[in-house]
Amino acid sequence: MISAIFITVVLLAVLALGMLLYYKKVDKKYEPDYYSMYILGITWTPLGIIFATTMNNPAFLGMGIIFLIAGLANKDKWKKKKVNPKQKKTLWGFLALGILTFTLGVAVYFLR
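Everything numeric here is computed off the predicted structure, so don't read it as measured data. (Residues numbered from 1 in each chain as written. Predicted model: local features only at pLDDT ≥ 70, side-chain atom pairs only at ≥ 80, totals over all residues. Heavy atoms only, no water.)

J.: Whenever I open this one, a nonpolar patch on the surface confuses me. Can you help?
T.: Together, Ile2, Phe6, Ile7, Val10, Leu11 and Val14 line one region of the surface with nonpolar side chains, adding up to about 570 Å² of accessible area. For Val10, a relative accessible area of 34% gives the class partly exposed. (Patch = residues over 30% accessible without salt bridge, like charges linked within 9 Å, V, L, I, M, F, W, Y side chains within 5 Å. Areas by Shrake-Rupley, 256 points an atom, 1.4 Å probe, with all protein chains shown as cover. Salt bridge = Lys/Arg side-chain N within 4 Å of Asp/Glu carboxyl O. Buried < 20%, exposed > 50% of the residue type's maximum accessible area, 1.4 Å probe, protein only.)

J.: I'm lost on the packing of aromatic side chains in this one. Help?
T.: The description of an aromatic ring pair rests on the distance of the ring centres and on the angle between the ring planes. Inspection of every chain in the model, using the stated rule, returns six aromatic pairs. Ring geometry for Trp44 and Phe60: centres 5.1 Å apart, planes at 75°, overall edge-to-face. Here the residue Trp44 occupies a position in helix H2 (residues 34–55), and Phe60 occupies one in helix H3 (residues 59–73), the gap between them amounting to 16 residues. With a relative accessible area of 28%, Phe60 lands in the partly exposed category. When the centroid spacing of 5.1 Å and the interplanar angle of 80° are considered together, the rings of Tyr109 and Phe110 count as edge-to-face. Side by side, Tyr109 and Phe110 carry an identical accessibility label, which is exposed. (Phe/Tyr/Trp six-rings, centres within 6.5 Å; stacked < 30°, edge-to-face > 60°. Helix = DSSP H or I, 4+ residues; strand = E, 2+ residues; numbered from the N terminus.)

Okay, structure coming up:
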């Protein structure tokens, strides 16, 4: 009987090979977005500290540090993103929703 892990590894290898062949065929070079890597590092590092101390799972901490280093090492290649007023309003709304959700979560945790 073939295990699920083996099937997953084979499917990921086939997917990676397909992506490699596709990007070799396309003339345009892929340039990673280092600013997004930096943002991932900034968010995953504190989350990783929490996971590493509470659940003995340092995966997010390691990935966060790697993304942070990769983003900062290539700071000169950061792409400037233009945000129009409608997008800015939406971003502020999501920020407010996130703060509200966090505050309610902390309140429920301590008032229990």
